[in-house]
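The chain contents come next:
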Amino acid sequence: MNILIRAHSGLRYVVLALLIAAIFVAYSKWKSGAQGDSKLYLFALIATHTQMLIGFILYFISPKVDFSLMKEKVFRFYTVEHIFMMLIAIVLITVGRVRSKKLVGADKHRTVLYFYLLALVIILMAIPWPFRNLGSAWF
Ligand code: HEM
């Protein structure tokens, strides 16, 4: 359990770094009208899916997931808010990636840019940052 939380916590920075990198690449390739794909789009997708798999395991074993304690901020956050927003973000990344694969040139990169950017905003809002007083730290 401890190892899983450490992995899930640290992997957030890998997810964020890959998403931001993919967004920058998508923007510059869109603007320059570049052809081809970028491996970063795939790596960002893999990182978020890995995070989701660990998240699902945690969801079943974590003491912070408890539907009978919805009045408590921390329990409500992990039981409903965190998983709900993260799943929306991951669906957006998956749809963005799948759609972009069928497109070429500027359309491909613009699609990645929009979907990944929206997902990034949602993920940033759904992370239990320390200043939100949800009992989680930076690492
Ligand atoms: C990109 C997606 C995600 C990111 C960046 C993310 C990030 C995080 C972070 C930073 C924590 C706090 C860890 C700590 O206290 O040190 C956390 C906790 C948790 N996450 Fe996620 N998460 C993601 C997706 C998910 C998903 C999809 C689920 C459920 C299916 C999930 C379930 C959980 C649970 C249950 C905890 C609480 C673990 C505990 O402390 O007992 N996460 N997540």
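Being a predicted model, the structure only gives us computed values, none of them experimental. (Residues numbered from 1 in each chain as written. Predicted model: local features only at pLDDT ≥ 70, side-chain atom pairs only at ≥ 80, totals over all residues. Heavy atoms only, no water.)

Draft legend 1. Representation of the environment of isoleucine 93. Its location among the elements puts isoleucine 93 in helix H3 (residues 73-101). On the basis of relative accessibility, which here comes to 0%, the residue isoleucine 93 falls in the buried class. Taking the C-alpha atoms as reference points, isoleucine 93 and serine 28, separated by 65 residues in sequence, lie 19 Å from one another. In this structure, isoleucine 93 is in contact with Leu19, Leu45, Thr48, Tyr116, Ala119 and Ile123, ignoring residues within four places of it in sequence. (Helix = DSSP H or I, 4+ residues; strand = E, 2+ residues; numbered from the N terminus. Buried < 20%, exposed > 50% of the residue type's maximum accessible area, 1.4 Å probe, protein only. Contact = heavy atoms within 4.5 Å.)

Draft legend 2. Layout of the coordination of the iron atom of the ligand. For the iron atom of the ligand, the full set of protein donor atoms is His8 (NE2) and His82 (NE2), and the range of their distances to it is 2.0 Å. Classification of the site at the iron atom of the ligand as octahedral follows from its six donor atoms and the range of 84 to 180° in their angles at the metal. Pair noted here: histidine 8 is in helix H1 (residues 2-32) and histidine 82 is in helix H3, with a separation of 74 residues, a long-range link. Across the pair, histidine 82 and histidine 8 agree in class, each one buried. (Donors = N, O, S within 2.8 Å, 3.2 Å for Na, K, Ca; no water. Tetrahedral: all angles 85-135°; square planar, octahedral: opposite > 155°, others 65-115°.)

Draft legend 3. Just the pattern of salt bridges, in detail. Within the structure shown, the criterion is met by three salt bridges. Note that aspartate 37 and arginine 97 form a salt bridge whose closest N and O atoms lie 3.5 Å from each other. You can see aspartate 37 sitting in the loop between H1 and helix H2 (39-61) and its partner arginine 97 sitting in helix H3, a full 60 residues away along the chain. Here aspartate 37 falls in the partly exposed class, since its relative accessible area comes to 37%. Residue arginine 110 is joined to aspartate 107 by a salt bridge in which the shortest nitrogen-to-oxygen separation is 3.3 Å. With arginine 110 and aspartate 107 both in helix H4 (residues 105-126) and three residues apart, this pair spans about one turn of that helix. Here aspartate 107 falls in the partly exposed class, since its relative accessible area comes to 35%. (Salt bridge = Lys/Arg side-chain N within 4 Å of Asp/Glu carboxyl O.)

Draft legend 4. Just the site of the ligand, in detail. Close contacts around the ligand come from 21 residues, with His8, Ser62, Lys64, His82 and Ser136 the closest. For the ligand, a nitrogen atom lies 2.9 Å from a polar atom in the side chain of histidine 82. Secondary structure elements with two or more residues in the shell around the ligand: H1, H2 and H3. If one sorts the elements of the shell around the ligand by residue count, H2 sits on top with five residues. Among the residues making up the shell around the ligand, the classes are represented as twelve nonpolar, seven polar and two charged. (Near = heavy atom within 4 Å. Polar contact = N/O pair within 3.5 Å; in protein donor to acceptor, adjacent residues only side chain to side chain. Nonpolar A, V, L, I, M, F, W, Y, C, P; charged D, E, K, R; others polar.)

Draft legend 5. Inspection of a nonpolar patch on the surface at higher detail. Where nonpolar side chains cluster on the molecular surface, the patch consists of Met1, Ile5, Phe56, Ile57, Phe60, Ile61 and Leu87 and spans about 640 Å² of accessible area. Here the element with the most residues in the nonpolar patch is H2; it accounts for four residues. Tracing the sequence through the fold places methionine 1 in the segment before H1. Taking relative accessible area as the criterion, methionine 1 reaches 40% and is therefore assigned partly exposed. (Patch = residues over 30% accessible without salt bridge, like charges linked within 9 Å, V, L, I, M, F, W, Y side chains within 5 Å. Areas by Shrake-Rupley, 256 points an atom, 1.4 Å probe, with all protein chains shown as cover.)

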